[in-house]
Amino acid sequence: MKGYRRYFLNKAGWFVITLIAAFLLNFFLPRMMPGDPVAAIVARQAQGMSNSTGVQAIYEQYTKLFGTDKPLFQQFFIYMGNVLRGDFGYSFSQYPRTVAEVLSASLWWTVVLQFPAIIFGWVVGNSLGAIAAYRKGGLDKVAMPISILISNLPAFGMAVILLVVFAATLKWLPASGGYAFDMIPSLSVNFLGSALLHYILPFASIVLLAIGGQAIGMRSMAIYELNADYVRYSRFMGIKDNQISRYVFRNAMLPQITGLALAIGTMIGGALVAEIIFSYPGLGTVLLTAISGRDYPLISAVTLIITIMALIANFAIEILYGFIDPRIKAAQSD
Amino acid sequence: MRHTFRQAFSSGKFVTGFVILMGLLLLVILYPLIFRAPPLQIIAQGTFFPPGIYVSAYDSINAPTTYTLNLDGAAAKRVAAKLKDEDRVAMKEWLVVAGVPEDQIDISDAQKLLTLWAENYDPAKQVKGMTLARQRYFQRVNNAIQGLLSTEGAIIAVRQPESGALQEAGAVKQTDYVNISEVPNVRILPLGTDNFGRDVFAQLVRAIGVSLLIGIVAGLIATGIGLVLGLLAGYVGGAVDDVINFITNIFLVIPSLVLLILISFSVGQESRGAFTVAVVIGVTSWVWTTRAVRAQVISLRNRDHVNLSKLSGHSLFRIIRGDILPYIMSYVFMALILQISAAILAEANLSILGLGPRTTDVPTLGLMMQWAMIYQAHILGKWWAYFPVLISITLITFSMNLMITGLDQVFNPQLRN
Amino acid sequence: MGKVMLEVNDLTTKYITRYNEDVYAVDHVSLQVEEGKTLGIAGESGCGKSTLALSLMGYYFPPLYYTGGEIIIDGRSISGMKPDDVRRTILGTEIAYIPQAAMNALNPTRRVINFIEDVILAHDPTENKKFIYELARASFETLGLPPEVLQKYPVELSGGMKQRTVIAVSVILRPKVLIADEPSSALDVTSQKMVIKMLKNLMETGFIKSMIFITHELPLLYNVTDDIMVMYAGQIVERASAREAVFDPLHPYSKGLMGSIIVPESGLRDVKLTAIPGAPPNLKNPPAGCRFAERCKYVRAECRYTNVALYDAGPGRAYRCILSEKVLRDCYEHERAIAA
Ligand SMILES: Nc1ncnc2c1ncn2[C@@H]1O[C@H](COP(=O)(O)OP(=O)(O)OP(=O)(O)O)[C@@H](O)[C@H]1O
Ligand SMILES: [Mg+2]
């Protein structure tokens, strides 16, 4: 076990560093741009928004909460402290709801939608890719061009196509939302059934996207491994073909895992856009409404949460990888 | 260099991708030369006109010559166009309710059906259990098929300015035809119009061009930054490498979409033109190139020819230009293509989020997609407003990926099988 | 004459490339290796040495295909056996192979001992792991390798150690014939010496009974082998004892290859096989007649259309040239006189 410690500590260290970097970026980036969002709040107040008492309340609370009258670096620590307590202030566009309230509802929709979909797509994509690498014949010839085409579709493209085919045209599945519009979220069978029905299309579109990209990567990894010297040597030592297949699959899968760790951020981004197409009640849709409502506190919180989600996913995969790839331990122990 | 190009063009995949891309480029360049109408002009009153050839009805009536053509089945076609299958089924339903025996109704015989309808339909009749909407529907059907079986032509009348009375000015017979080339106002809308009433095809052509430009600007910026940082990190090494590597590792895991959103939002609506968006995309997507260039440079750094140059006291710039760049050029070129296609996708994603270029004088593929989504073209079945956009994006990224795969196979023969 | 361990008759194999072209890299090769002997194979890069090594295993997979000939190991013909029988009863146990790029020959994610287990279990699934471990440890000890190596992953081993490990793994089942394809070419001098010493010891310690040794290094060829076969464009062009092949080659190609050596024993150190001007023919469609004709100094008109057979030239000696032994020797003598 000792051999792993250095690896884990290293990864944990990076996790903390990137987390801090994420906070810094989230805080300073918008403030360094010409259109300072905090200044925009004041401007809006002057313009007199329709809900002027709301703006007034937001402004006062914002000043207090984020200390906008204090120097920038001091503001940052105040902000950090607030964020760590889960306090993101009021939402502009959905006042008097707080950002935390808006997010607590949508975060789970996103988590429950995206992570299973990405993992499932990854597993299926890799299996298909490996099979395609082995059986060069029919499957490879048919499946690969399809995968290549799919992987070239933008994330929202897949969502739109599924929506048009299965919801708008065939009317098999609902086109938008996370549950039937006349329901109130609860744990009843009816509600869960409706949620499941609404889950299928967004899930499928994320899965299909993941499959396309992963299958291609896995196929070329597996082909590369199949041509590796150890495959030939193992054959000549009389090792059975299916044992060799296991070697190849395992060795080809390892870089795919690291690949997933690095691609997870992009995948989450793509999935968010897919959510928007389906008006799924997750973070993507919140982000869209936040952007169209110029709701800076909400945007800032959503992007931060997305980043943290990506960082956690990345960290989890790296840790898992540490257990799976024996070379990690070997490399760390000397 | 020439050799490299020849090698690249020996790959079928590269050539296919290249041809597709050049085809798109040719379209982008040639189309506006032939059809000069501004692509964002609002020409249609109403939303989502379907694709087709639009012939001025006024000009058709006033065409210089009318020709008489006696064509078989003209009447039948006329009926078929107005009387859809679902209407026939609905009519049968009504007639059955009205008491006509079911076996007497043959919906495939339009003539009989219409006569039956004329005999039995009564707009005022209340059918039990029928919703108001359904009743309205039947009234609409009834109006639509009025006079469908008549063999008379239509009369054109003009209003007398003084008395207001109508006076016959001409007649259009059912056998009258005009030659489309004699009609002065004909507009072909190959992809119909969008929600604002603009020619989708003209807009699409322009959008492909703009999106490609955004891609190229962003790609050049990203590749430029990546190349410089990668060269510095890889060749200079030491503390420089540590710092650059540290930064790259951080940006590697922070989703670039997040950076894009934060910067784009902060830039503000007003200053977010197409060029700004391209720059923002460019400065947020250099990470991969940096890493890859760094790795390549490190593997080159201690090769004999580089050491020889170092020993001969050549300057850093000269070594990089003469002994390192040529070896990574093919790779950098591939990275550039990849960045371009990624940037086009990034623009589309941003636009869907409502953070795309905020201009009304150029369309981009992302903006077209956003408009189509906002106006629910996909749910309303107006495929021409979004599907061609999707196809264009896919074609661009697909052709670029083909080019990269082709180049990869040429330059890394290991993958060839 | 010792017992014949490996006998090959007219073996022909080909590669089928991606574009469906045939590359005949081993063309009607016949050879014999006796018990206790080492046969060397020499020839310039691309002449088909590695392909011959692969073909000798009797176990073919794409892109290499068997087209004819027979392989007999210790009196038992393996051509015509089912592939799975070859795998189970021949590979590793009768004939074993050390690949040219032994650096990457071991699965990077498997410990050496686990790989040895896989090898042994593939031949006899009933073997237990403890026994395998003991066997491996004993073998490694005899071969002078530290037993700790068994618990390591290939990445943890140095290049020389990796190569010696591969050798030890290859002979773990005591094969009768070992084929070593340039086993030392990628190593530094010290590791090279250790590897060669190890290979030379294999026969004495009873791990193998005979060996085929492929190399680019002339001194190694001379020091390690008993007999030498020179290959050119997929064919054998000369076969002789090591001494004769190096110091008294008959075929013009061998002569060119060994070119610089004139006095026996004196200047063999650091001598590489000499480069001959010109390039070997394309094996996709080899020329009619003698394949060396294009580059031969002594070429005659008939060389370009006569199919030349291997001519016997005394016991264990043969060469592929239409010129007689005497004419060739005269030519070489003449040349030497001019040079002097
Ligand atoms: N997988 C393959 N597919 C097609 N042709 C091949 C393949 N491997 C080798 N060849 C061809 O077969 C011929 C013989 O190659 P081989 O590797 O046996 O040469 P070699 O004598 O071992 O060379 P070296 O000394 O460089 O190892 C060459 O012309 C080569 O191009
Ligand atoms: Mg070889």
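Worth saying up front: this structure is predicted, and the values here are computed from it rather than measured.

### A look at the overall build of chain A
In step 1: What chain A contains, in helices and strands, is 13 helices and zero strands.
In step 2: When the helices and strands of chain A are listed from N to C terminus, the series reads α-α-α-α-α-α-α-α-α-α-α-α-α.
In step 3: Considering chain A as a whole, with its 334 residues, one finds that 51% of them fall into the buried category.
In step 4: Taking contacts inside chain A between residues at least 6 apart in sequence as the whole, the part at least 24 apart equals 73%.
In step 5: Total accessible area computed for chain A in this model is approximately 14,600 Å², and 68% of it derives from carbon and sulfur atoms.

### So, the overall build of chain B
In step 1: Tallying secondary structure elements over chain B gives 17 helices and six strands in all.
In step 2: Since a compact globule built from 417 residues should have a radius of gyration of about 22 Å, the 32 Å found for chain B marks it as more spread out than a globular shape.
In step 3: Projected onto its principal axes, the C-alpha positions of chain B cover 105 × 55 × 55 Å.
In step 4: Counting across all 417 residues of chain B, residues that qualify as buried make up 44%.
In step 5: Taking as baseline every contact in chain B between residues at least 6 positions apart, the subset at least 24 positions apart corresponds to 73%.
In step 6: With an accessible surface of roughly 21,800 Å², chain B has 61% of that area assigned to carbon and sulfur atoms.
In step 7: Within chain B, one finds 32 positive and 27 negative side-chain charges whose respective centroids are separated by 12 Å.

### Observations regarding a nonpolar patch on the surface
In step 1: Taken together, Met-22, Leu-25, Leu-26, Ile-29, Leu-30, Leu-33, Ile-34 and Phe-35 of chain B make up a surface patch of nonpolar side chains, about 750 Å² in accessible area.
In step 2: The residue Ile-29 of chain B is located in helix α2 (residues 12–34) in this model.

### Notes on the packing of helix α10 (residues 241–277) of chain A against helix α11 (residues 283–292) of chain A
Angle between the axes and distance between the axes: these two values describe a pair of packed helices.
Residue and element names in this part refer to chain A.
In step 1: At a minimum axis distance of 7 Å, the contact between α10 and α11 shows a crossing angle of 75°. The pairing of α10 with α11 is recorded here as roughly perpendicular in orientation. On α11, the residues touching Leu-272, Glu-275 and Ile-276 of α10 are Leu-283, Gly-284, Thr-285 and Leu-288.
In step 2: Grouping the amino acids of the contact of α10 with α11 by side-chain chemistry returns four nonpolar, two polar and one charged.

### Comments concerning the site of ligand 1
All names here are of chain C.
In step 1: Surveying the vicinity of ligand 1 reveals 16 residues, the closest of which are Ser-45, Gly-46, Lys-49, Ser-50 and Thr-51.
In step 2: One nitrogen or oxygen atom from the main chain of Gly-46 is found 2.8 Å from an oxygen atom belonging to ligand 1.
In step 3: When ligand 1 is considered free in solution it has 630 Å² of accessible area, and contact with the protein chains removes 67% of it.
In step 4: Counting residues per element, the shell around ligand 1 draws most heavily on helix α1 (residues 49–56), at three residues.
In step 5: For the shell around ligand 1, the per-class residue count stands at five nonpolar, eight polar and three charged.

### Remarks on the sheet that holds strand β2 (residues 22–34) of chain C
Whenever strands of a sheet pair, they do so through backbone hydrogen bonds, lying parallel or antiparallel.
Residues and elements named next belong to chain C.
In step 1: Taken in spatial order, the four strands of this open sheet run β2-β1-β4-β5, and their pairing is antiparallel. Strands with a single pairing partner mark the edges of an open sheet, and in this sheet they are β2 and β5 (76–77).
In step 2: On top of the sheet, α1 reaches β1 (4–16), β2 and β4 (64–73); it is set at about 115° to β1, its chief contact.

### Regarding helix α12 (residues 296–324) of chain A
In step 1: For α12 of chain A, built from 29 residues, the straight-helix expectation of 42 Å at 1.5 Å per residue is met to within 8% by its first-to-last C-alpha distance of 42 Å.
In step 2: Buried residues dominate α12 of chain A, accounting for 22 of its 29 residues.

### What about the packing of helix α8 (residues 189–226) of chain A against α10 of chain A?
Residue and element names in this part refer to chain A.
In step 1: In the contact formed by α8 and α10, the axes pass within 9 Å of each other and the chain directions differ by 155°. Judged by the inter-axis angle, α8 sits roughly antiparallel to α10. Crossing angle aside, the handedness with which α8 passes α10 is right-handed. Counting all contacts with α8, which are made through Ser-205, Ile-206, Ala-210, Gln-214, Gly-217, Met-218, Met-221, Ala-222, Glu-225 and Leu-226, the residues of α10 involved are Val-248, Phe-249, Asn-251, Ala-252, Met-253, Pro-255, Gln-256, Met-267, Ala-271 and Ala-274.
In step 2: Along the lines of polarity and charge, the residues of the contact of α8 with α10 split into 14 nonpolar, five polar and one charged.

### What to know about the packing of aromatic side chains
All names here are of chain A.
In step 1: Scanning all chains against the criterion turns up 43 aromatic pairs over all chains.
In step 2: Between the aromatic rings of Phe-15 and Phe-315, the centroid separation amounts to 4.8 Å while the plane-to-plane angle is 25°, which identifies the pairing as stacked. On the criterion of sequence distance, the pair formed by Phe-15 in helix α1 (residues 2–32) and Phe-315 in helix α12 is long-range, its members being 300 residues apart.
In step 3: With relative accessibility at 24%, the residue Phe-315 sits in the partly exposed group.

### Here's the deal with the confidence of the model for chain B
In step 1: Put simply, chain B has an average pLDDT of 86, and 98% of its residues get 70 or more.
In step 2: Confidence estimates for the predicted assembly give a pTM of 0.81 and an ipTM of 0.87.

The rules behind each value
- Residues numbered from 1 in each chain as written.
- Chains lettered and ligands numbered in written order.
- Predicted model: local features only at pLDDT ≥ 70, side-chain atom pairs only at ≥ 80, totals over all residues.
- Heavy atoms only, no water.
- Helix = DSSP H or I, 4+ residues; strand = E, 2+ residues; numbered from the N terminus.
- Buried < 20%, exposed > 50% of the residue type's maximum accessible area, 1.4 Å probe, protein only.
- Contact = heavy atoms within 4.5 Å.
- Areas by Shrake-Rupley, 256 points an atom, 1.4 Å probe, with all protein chains shown as cover.
- Rg over C-alpha atoms; globule rule 2.2 N^0.38 Å.
- Lys, Arg positive; Asp, Glu negative; His and termini not counted.
- Charge placed at Lys NZ, Arg CZ, Asp CG, Glu CD.
- Patch = residues over 30% accessible without salt bridge, like charges linked within 9 Å, V, L, I, M, F, W, Y side chains within 5 Å.
- Salt bridge = Lys/Arg side-chain N within 4 Å of Asp/Glu carboxyl O.
- Axes fitted to C-alpha atoms, helices over the stretch in contact; angles between N-to-C directions.
- Parallel < 35°, antiparallel > 145°, perpendicular 65-115°, else oblique.
- Nonpolar A, V, L, I, M, F, W, Y, C, P; charged D, E, K, R; others polar.
- Near = heavy atom within 4 Å.
- Polar contact = N/O pair within 3.5 Å; in protein donor to acceptor, adjacent residues only side chain to side chain.
- Pairing = 2+ DSSP bridges.
- Expected span 1.5 Å × (residues − 1).
- Left-handed = near helix turned anticlockwise from the far one by under 90°.
- Phe/Tyr/Trp six-rings, centres within 6.5 Å; stacked < 30°, edge-to-face > 60°.
- pLDDT = per-residue confidence, 0-100.

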